[in-house]
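Overview (structure and organization)
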Amino acid sequence: MKTIADIAKLAGVAKSTVSRYLNGGSVSEQMKKRLEAIIEETGYTPNTFAQSLKAKKTNMIGTIVPGLDSYETSQILAGIDNELRKWNSHMLVSNTNQNLARELELIYRLAKQKVAGIILLATEITEAHLQAFEEIAIPVLLVGQQHEEVHSLVHNDEEAGYAIGKYIIEQGHRRLAFLGVSEQNIAIGINRKEGFKRAVREANGCEVHFFETGFTMKEAAEGALAVFEGYFPSALICATDDIAIGAVKAAYKKGMHVPANISVTGFGGYSITEMMNPALTTVKLHFIEAGEKAARHIIKLANGEDIPKLIYSGFEIIARESVDKRFAPG
């Protein structure tokens, strides 16, 4: 059975061009005749679900999020909303509560509601996701995760991990620990750690141990206590701000003071990190700007414009009180 991807390959065009043609969108007369001929020759039958979406789209952009209690999510949503208003478009937000089956269900449901495009804050992309994206035949933009077959906007996690690693080493720290999350999450679990590893490889005389924990502050506090069992780094680099907050709590529970006994860094730039005592050194990710950029790009995709497959948002190191300088031998 032929798919949209097969037809696109035979025609030498992108899948989005075939989808536009099948959904009554604008394609050149020459391309229309070419696609008609290929479809007739191959006997391709368009997916009935995709065909049901031929009616005119609304000015709504569907946005699917894994939860509504996250600082990162709230900031990205604010950015999306800010930008969509400039384009006379509106955001329809759906929450999955970290439920993968519900996430897939929402992709189809939003398409049936004739949204012009979908912004998906995904934690992972499965074959079921890719199938859904092909069947709904409307633009989808991933935010926070990436896939080679889907337009993606990501934080530059690997470069940011490298930057915080380089910063902590420049402060003289050589006995290090990295407290991350499962590698099932590519952006946070792999890319941030890989960037940090690159900074360590470039330095001399570093000892580093790697640990994993969950995303919540409570899980992180427990995970940090495991770090301190038999290993006492001078600096603990945490994959998120929530993990760093939990780690600071664990350090005090062990009778350690931050930064006198151990320096701690986070990742995210949450507003609460400035109000902590000590204030947290962190990698600030520009969440609102990322949301605005996501909105601009989904509008372009909905209008049939080409955009880069992979787009990065910015970051900066915010140096605060939770890191002190250490004497680095040699």
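Look up a bit, the structure's there.
Rules of the game
- Residues numbered from 1 in each chain as written.
- Predicted model: local features only at pLDDT ≥ 70, side-chain atom pairs only at ≥ 80, totals over all residues.
- Heavy atoms only, no water.
- Helix = DSSP H or I, 4+ residues; strand = E, 2+ residues; numbered from the N terminus.
- Contact = heavy atoms within 4.5 Å.
- Areas by Shrake-Rupley, 256 points an atom, 1.4 Å probe, with all protein chains shown as cover.
- Lys, Arg positive; Asp, Glu negative; His and termini not counted.
- Charge placed at Lys NZ, Arg CZ, Asp CG, Glu CD.
- Buried < 20%, exposed > 50% of the residue type's maximum accessible area, 1.4 Å probe, protein only.
- Polar contact = N/O pair within 3.5 Å; in protein donor to acceptor, adjacent residues only side chain to side chain.
- Phe/Tyr/Trp six-rings, centres within 6.5 Å; stacked < 30°, edge-to-face > 60°.
- 1 Å grid on protein atoms, 1.4 Å probe; cavity = no way out; pocket = protein on both sides within 12 Å on 5 of 7 lines; lining within 4 Å.
- Points joined across faces, edges and corners; volume = space filled by probe spheres on them.
- Nonpolar A, V, L, I, M, F, W, Y, C, P; charged D, E, K, R; others polar.

**Points about the overall build of the protein**
The number of helices and strands found in the protein is 13 helices and 12 strands. C-alpha atoms of the protein, sized along the principal axes, occupy 70 × 35 × 30 Å. Restricting to contacts in the protein with at least 6 residues of sequence separation, those with at least 24 account for 71%. For the protein, the computed accessible surface area is about 15500 Å², with 50% contributed by carbon and sulfur atoms. The averaged location of the 39 negative side-chain charges in the protein is 2 Å from the averaged location of its 36 positive side-chain charges.

**Points about the environment of Thr-273**
By secondary structure assignment, the location of Thr-273 is in helix 12 (residues 272–275). Residue classification places Thr-273 among the buried residues on the basis of a relative accessible area of 0%. Each C-alpha atom of the pair Thr-273 and Arg-320 lies 9.4 Å from the other, and the pair is 47 residues apart in sequence. Looking at Thr-273, its side chain comes within polar contact range of the main-chain oxygen of Tyr-270, at 2.6 Å. Here Arg-320 takes part through its side chain, which lies 3.1 Å from a polar atom of the side chain of Thr-273.

**What to know about the packing of aromatic side chains**
The tally for this structure, following the rule as stated, stands at six aromatic pairs. With a centroid separation of 6.3 Å and 75 degrees between ring planes, the pair formed by Tyr-71 and Phe-287 is classed as edge-to-face. One end of the pair, Tyr-71, is in helix 5 (residues 71–86); the other, Phe-287, is in helix 13 (residues 287–302), with 216 residues separating them in the sequence. Given a relative accessible area of 24%, Tyr-71 falls into the partly exposed group.

**Quick notes on the layout of surface pockets**
To find leftover empty space, a probe the size of one water molecule is rolled over the atoms. The computed volume of the second largest pocket comes to approximately 980 Å³. Along its surface, the second largest pocket is lined by 39 residues, and Pro-66, Gln-98, Thr-123, Ile-188 and Phe-215 are the ones closest to its centre. Taken together, the elements giving at least two residues each to the lining of the second largest pocket come down to helix 5, helix 9 (186–202) and strand 9 (263–268). The leading source of residues in the lining of the second largest pocket is helix 5, at four residues. Classifying every residue of the lining of the second largest pocket gives 18 nonpolar, 15 polar and six charged.

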